[in-house]
Structure formats: C-alpha cells, structure tokens
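Notes for the structure review
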Amino acid sequence: MGPPSSSGFYVSRAVALLLAALAAALLLALAVLAALYGRCARVQPSDLHHSGVPDAASSPRGTQEEQLPTWPPRPTREPAGTATPGHWRPPGPWDQLRLPPWLVPLHYELELWPRLRPNEFQSPTLSFTGRVNITVRCTAATARLLLHSLFLDCESAEVRGPLSSGPRDGAVGRVPVDDVWFAFDMQYMVLELGATLQPGSRYELQLSFSGLVYRDLREGLFFSIYTDQGERRALLASQMEPTFARSVFPCFDEPALKATFNITIIHHPSYGALSNMPKLGQSEKRDVNGSVWTVTTFSTTPHMPTYLVALAICDYDHVSRTERGQEIRIWARKDAIANGNAAFALNITGPIFSFLEDLFNISYPLPKTDIIALPTFDNSAMENWGLLIFDESLLLMQPNDQVTDKKAVISFILSHEIGHQWFGNLVTMNWWNDIWLKEGFASYFEFGVINYFNPKFRRNEVFFSNILHHVLSEDHALVSRAVSLKVENFTETSEINELFDLFTYNKGASLARMLSSFLNENVFISALKSYLKTFSYSNAEQDDLWRHFQMVVDDQSKILLPAPVKSIMDRWTHQSGFPVITLNVSTGAMKQEPFYLGKVKNQTLLTHNDTWIVPILWIKNGITQSLVWLDKSSKIFPEMQVSDSDHDWVILNLNMTGYYRVNYDNVGWKKLKQQLEKDPKAIPVIHRLQMIDDAFSLSKNNYVEIETALDLTKYLAEEDEIIVWYAVLVNLVTKDLVFDVNNYDMYPLLKKYLLKRLISIWNMYSTVIRENVAALQDDYLALVALEKLFETACWLGLEDCLQLSRELFKHWTNHPGNEIPYPIKSVVLCYGVAFGSDEEWDFLLNMYSNKTKEEERIQLTYAMSCSKDPWILHRYLEYAVTAAPFTFNETNIMEVVAESEVGRYIVKDFLINNWQAVSERYGTQSLVNLMYIIGRTISTDLQITELQQFFGNMLEEHQKLTVRAKLQTIKNKNVENKKRNARMTAWLRKNT
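The structure reproduced in this document is the subject of the present report. (Residues numbered from 1 in each chain as written. Predicted model: local features only at pLDDT ≥ 70, side-chain atom pairs only at ≥ 80, totals over all residues. Heavy atoms only, no water.)

With 13 residues, helix H14 (residues 666–678) ought to run about 18 Å at 1.5 Å a step, and its terminal C-alpha atoms sit 18 Å apart, in line with that. Next to the buried residues of H14 lie strand S30 (650–652), strand S31 (661–664), helix H15 (685–700) and helix H16 (706–711). (Helix = DSSP H or I, 4+ residues; strand = E, 2+ residues; numbered from the N terminus. Expected span 1.5 Å × (residues − 1). Contact = heavy atoms within 4.5 Å.)

Let us now look at the packing of aromatic side chains. Tallying each qualifying case throughout the model produces 53 aromatic pairs. Where Tyr-108 meets Phe-261, the ring centres are 4.5 Å apart and the plane angle is 5°; that geometry is what we call stacked. Residue Tyr-108 is located in strand S1 (residues 103–114), and its partner Phe-261 is located in strand S11 (residues 260–267); the two are separated by 153 residues in the primary sequence. The residues Tyr-108 and Phe-261 share a single accessibility class, namely buried. Relative to Tyr-659, the ring of Phe-578 has its centre 5.6 Å away and its plane inclined at 75°; by these criteria the two rings are edge-to-face. Here Tyr-659 lies in the loop between S30 and S31 and Phe-578 lies in the loop between helix H12 (565–574) and strand S23 (579–584), a separation of 81 residues in the sequence. Side by side, Phe-578 and Tyr-659 carry an identical accessibility label, which is buried. Aromatic rings pair up to connect Phe-353, Phe-360, Tyr-364, Trp-422, Phe-423, Trp-436, Phe-441, Tyr-444, Phe-445, Phe-524, Trp-546 and Phe-549 into one cluster. (Phe/Tyr/Trp six-rings, centres within 6.5 Å; stacked < 30°, edge-to-face > 60°. Buried < 20%, exposed > 50% of the residue type's maximum accessible area, 1.4 Å probe, protein only.)

A separate point is the state of the cysteines. Throughout the structure, instances matching the rule amount to two disulfides. Between the sulfur of Cys-794 and that of Cys-801 lies a disulfide, 2.0 Å long from S to S. Of note, the bridge from Cys-794 to Cys-801 carries an S-S torsion of about -90° and is left-handed in sense. Here the two residues Cys-794 and Cys-801 agree in accessibility, since each one is buried. Here Cys-830 engages in a disulfide with Cys-866; their sulfurs sit 2.0 Å apart. Judged by the sign of its S-S torsion, about -105°, the cystine formed by Cys-830 and Cys-866 is left-handed. Residue Cys-830 is found in helix H22 (residues 825–834), and its partner Cys-866 is found in the loop between helix H24 (854–864) and helix H25 (870–882); the two are separated by 36 residues along the sequence. Among the residues examined, Cys-866 registers a relative accessible area of 14% and is labelled buried. For the protein chain, the disulfide bridges join cysteines in the arrangement 1-2, 3-4, where the cysteines are counted in sequence order. (Disulfide = S-S within 2.5 Å.)

Right, dumping it as structure tokens:
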C-alpha cells in the first residue's frame, strides 16, 4: 500500500458504481447532492479520488509537477484547476481552512502501534495502527463533525455521549454514525451523525485507524536507518509541526485547540519508547501471530496543541543529570554516548533552563526533559514539550570539532528550543499567522542566554552576523512579506509551511530586539512576564502581547512613547519591508522612505504610502544621545546638526537595534569617512560594520553612489576587526565579480588596492593558523569570517595565502588524521585541487568514498569541481551521470562544476552529446538551471539567442516559454553590474 499519487477522498467501490448509475440517470443537480457522501474508508489510498465523489467516467488524474525522483514518493495534490468531480461538491465547512467552532477538544487517549521490528526495515514503508478517544465539548448543535485526518484509513468510528460530569459511566449512550468521508483538499474527516449533538454537553469520539510510516520523510511519523556499533539499525520518530499530526492520528490540528494527552506506544521489546511525559508503566500484548510486543504508557501531558505531540522508538543510550529536581536526559547512538559526544550539550542544558526560569519567574512545568539526537533530521531541531528532537550534527560534539563554531551553534540552537518551552509551548499563538510570537522571541533570546553565560560574547556584532545581515539583505517593500499576517490571507494548508522562513525568525527577532531597545530591558522583561503568566497553557494573538506591553508602560513614567505600543509595532509587523532613514547633518532634517531593490525616481510616491514610527537611538562624537522618534515622513532635529569641525560627526541607529538602514547627505558621509581615516577606533565596531553594510547596500540599490561606499574603505589598513573585513569583502568581492571574466580591467586594480590594506589582518590570522590554531576556538566572529578572508587573499594571488594553502593541503594528504582547520578547509581543498594534478583529485575521491557524513561529502564534491584540467572535470561529469564509481547523491554535480570558471565550458561541451543522460539523472529542470548558470554573465540579446539555440532541443516546450524572461532578467542585471563595475574601476584607478 503506497501513498496516493494525487489528492482524493476515501470512498468505496460500491458508492462509485452507485454514483455512476445516478450520473447516467439523474439531472446534474441530483448528482451534486449524491456526491456529498462516501463510505467509511477501508480502501487503498491509490484507489482514492480528489472529491469524495467517484469518477464514473474514469478520467485520468492530473499529472504531478516535474521534479527530481524521490523515494518514497511524497503525497502531492493535483494541480490547481484540474477538472475533477470534486468541483461538483456544494459549498460547506469542508471547503474552509479553519475548523468550524462546533467542538472543542478536551482530552485525547491516544494509542499508536508502529510495526517496527529489528532487522526488518528494508522496505521504504512500515505500517502502523492506532486508536484515539477524543473527549470534546459541543458548543453548537450539529449533526456533522469535522476533524483533521490525512492519509489515514478509518477502521471504525463511534461517538459516545452525552458524558456525565462525574466519573466515566459505562452506561453512556451512543450517537449513531451514519457515514464517514474525507475531504482531502482541506484534510478533513467528516462524520455524519444520526442525531444532533447538544451544546454544553461532552462527547467522546472513538476512532480506529491505520496508515503508513515512510522512511526519512520527516512529516508525521517517519523512520530512519543508521549505523551504530558496526550494525545497521532503525529508529522511529515524529515531527508534527505544523500540520502533520493529522497524518498520525485524527485530531483537531490547530494550535488554539489545546487538550491533554494520555499516550500509549506499542513497540517491539528490543526498543525503548519516549514521549512528552515520563513513563507511567509497561505491559505486554501479543499480536495475531503470537509475537510479544511491549505496551508503554505515559503520564498525562499539560494542555498543549497537537503539533507538540512527540514520540520516538529506538535502541539508544543516554546520559543524564538533574537540574532543580528536573531530570534531563540526552539520547543518542550508543557509540556517540560512549564517546562522550553528548557531554557538552548535557552540561549547558540545565543552566539554560534555570536562567530562563529565573528571567521569566515561571518554572518549567514538566518533571523531565528528554533530548534525542537523530542521525538526520531535516528540521534541525523541534521543541516538543518534554521530548526535544535534534539532528545529531547540531547537538553532539565530535573530536574534530574543536576549531569550529560547533559549540556556539549547539548553544544557539539549544537556547532557541528551550526558549520555546515558554514561547510556543506554555503560551501558543492562536493561529499560524502569528507564528513570529514564538519563533521571533525564541530567536531573540538565544543571544540573551549566550551573553549571560559568556559575558565577553560580542552580542551586537554576532546578532548582526547571524540575524540582521541576512534578513536586511532579503527584505524590501514590494516582494517580501509581513511578519504578522491576516488569517483570511490563508487558503491552503501548504501556505502554513511557507511561514517557517527568514522573516518569521530573523525579522521577528530583530523587531523584538528593537522593542527591547526603546523600552529598556527591565520594561521589556516585565511585560513578557505578565504576558506569559496571563496566557500560560492558553493561546494569544499579537494584540494580546501589545496590550501587556502597554500595561507595563502605563505603570511607569520614565519611558514616554509617541503613540501606543500597538500603533508603533503594528506598522513594523503588518507592513512588508523596512525604511531607509536619511539625515541631512547640515540642517538636521530627517526623512524616511521604504527600501526598494533597485530604487527608481518617485517610486515611493507611486507604490508605498505607509510610514513607520521609528525609534532613533543615536550617538554624536562617540557620546550616546537621548532617544528621538521619527513618527512622520520627515522631521527636523536641530540637535543632529554638525559643525565644520573635523571632530563633529553623527551616527544613527545605536548598536543597530533599529530595523532600518541609515543614509546621510554627502557631508554626513564625508564626516564619517574622515573620522575613520583619522581614528577608526573612536567609532564602535558595530558601527563600522553598520556603515560598510548600509553604504554598499544603498549604493547597490541606487540610494547613494558607489563611490560613497568605496570611500569608506580607504582606512582599512588600520582595521583589525575581522568581522568588519568580512562585511567589506562580502559586499565588494561578490560572486558575480569573481565569476565575471570580463572584469580583467578591474582585477589588477582591486588586487593592488585590497592587498595593500589586507596584509595586516592577513598576517594576524595566518600567524594564528600556523602557530596556535586552537586559539580560534573561543573567537566566534573569527570562525564566521575567516573563510572569506582566506578565500579573498588567495583569489587576489597573495603568495603567502597560496603557500599556506599548499602547506596545509600537503600535510593533510600525507597525514589524513591531521585535519585542515575547519574554517578554511573548503578553501584549502579547492586550491589544493586547482593547483594539483589527477593525483590530488583522486585522493579527494578516495576520501569521499570513506566519508559517511553528508556535510563532509558535499564539501569534497565541491572541492573536486575546482580542478582546472578539462579532462579531469569531464571525467567527473561522466562519473556523476553514470553514478559510477559513486552515486554523488548529495548534490547535483553538473551544477557544481558549471559554477566554476573552467567548468562551465566543460559542462556546455559535455551537454552536446550527453544532455539526455543528464536529464534522466537529474531531471529536466536541471537543464534549465544549467542554462542559467552557464549564461550567468550574458549581457546582450545575441548571447540570449545563442544560449536558447544551444539548449533548444534539450528543453520541453513549457520550459522554453519561461527561460527567455529569466535570461532577460540576468542580462539586465549584468548590464547594471557592468555600469557599476566601470565606476568602481574608475574609482580604483584614481585611488590606487
């Protein structure tokens, strides 16, 4: 039994024949009425149809969108607009994304029995059965029940009640269930009753069901194969967030519909079972074949949403400790536990819990916390109450992780998931449109936790590096989305999954940080304490949060706001994009305008009339000034005027706590440039970062001239902060610049200009690498930035960089146990291959064959594409397409090779005789991607035509219609880049 290849309802063949007859004999209106009902499904999912109404004409189903082959195949919907009988169904609550408010769940008695057995996991699927009894309260009279269910076979359905208010009464009556059918579009199970449920009464829904567990699908229940103690083993785990609980058991799968859960797991005796709560007891049962299974029951959970239900069945070991009476256990492969790989995570988990308990003055309510490390887990980590699930690469330390950012990464992610125990688990958003209330605040408090345990931690610079830089690079007024959305904007379940993005996490964290900065930390934490206490075990909306902030603001007199908290913050959460704040330092005039990608004249007036209420924290001549507010489109602040003195300068957005970019008039930028050249240390590191990042972003998008940004780099010979150098290099030495072979005029100028300034910071870190690389372990910003510095120095031809790269590569090939320092390993491997022969390339291929970690294998596949020998790259492509001697399944080798300077010509030549093999190996979409990669430097219509002609026979007709527009976009971008590069070249010629 496999998953459906198209969407459908569960209906019986008997009903199909009946409706076929009706369709031939009755009017369409009667057919529509008949189409409302199906029978309780005991059919194979492959027999299901889209609508709940059988297709009497047996018309073919819609085809799936072209994609790379996967196994097992994922359940997919039919393409929108496909003509199916489902469109005959009259409107009803099953067409709405949100459940009708007729029933409120109170308690689940859930039993799950996955058929996972040792040494019997060769199939891509496992079966499971289950039972769930759901106690509900009826709020409106109804003879029809809707709850969520997806890809589950209904075995039986009963409704008991009304229930008495006292102890369970075995003599309680039953409500007839006349029919059960499934509305696949919105993923509902519908129960048609023979009597009406009464408002105010409680009932119990009793459902038995069965389904499939897929290998590595990581939605709902899934199982994984891994190696431990030299043996292949299997485990089973769950991922219910956001809407996958419905594929495990029928439920009311919305975050506001909290209930308590009693969970029972039936599993093979050789495995252990974990769930949200401590184990309550164990017993045995026999299946129909007489095999013995273990029945593990767990204590009752607190009120929680379905997306937090969690379970795992595994043969793992654990380490444990107790923190304030709470047992903390970390579970992992037995090898990993024996090697002490979980020790670091175990040692910091308890203190993180204690810190957040003290900060919010709310104790963690569960008696235990289990954290399990899965061999692979696509979601990285999940905060399930009492059973946190991690990808082991983000929880366990390996012996070779000493000179990496691994400790910091583990600390960040643990802090994030533990933060969810308050933001998300204790207080849950009312619906997914406000998901930032949990993800944004959990992301923000990562930094507070780390800073508490590491007082020397450079919180502002790390927040910029990890959070702010990425989201400001993607956010803009026209395309990006708001943080908080209206519920009515959602029409499909798939749209909920799309909310787990950069804006929810990074922009949400940035807005929380801005709120804290203009209120101050004490007011901020006091408001959150009130909010968390009020809505514990319940749900909240964004307005509830603002109300509690307003209450705390109103109770003090020190913080004065220009508007209510809701008025200030709604503009930031409901509007897309962010403002650019421009200050004229000669007049003190300040204005705001939305940030656009590639701003054009008068665009603000044409497309975006909204403004923000902007908190302006600022410094003048290095001294922090009083907070001011820009609460209209423009305003004059006389105190921000500067004199002609060389010592007079102003910087807006103190510590970059505001979510906006800052621009100045020419005088303002000139003053800052002069200060950098005279005494850069007078300007804090975070603001040297800010100026570089803002100036280059604004120049790229037509707010300032590129020369303004370049002028700020003249002082760099005196810059000893590697994170500032990182900001310079990622903005100046871009991927487009490196790959554009037409930039030969600029390269020697840029090389001379940068090397003259870069040599000091290079000498500092090359000495560390040669003499005491372990010293980098505690320098998180260096670990983040060093690769870009090393890569640029070698690209610019700095002989010491090339020599160090050769030394490290040769030492590693002679002694593979001595790892290349992780921060620069990718660069060293690439240059080792680029300047080597087939001997070095074959050595990497051999290393690839011995590696099991996906991350390491991907690193080696990229390094092997760095060869400059055409025949080696051609052989590499042959290996990839034929999947011999290795499959290279971690990534698309064709695209990887095409990204390199030599490789794109080799790939183009290879496609002439092998495009069909490439299409079969990677899918036709890969040919489109290769077209864009190979054509990444096109700048004329003739080049577009030539590229289309070359790929003409390789693409399908529908692809040909879309590629020209994309190529035109690439051309236009490159034409603009050429103009920009010409100005950069002229500036470099003048200043070199």
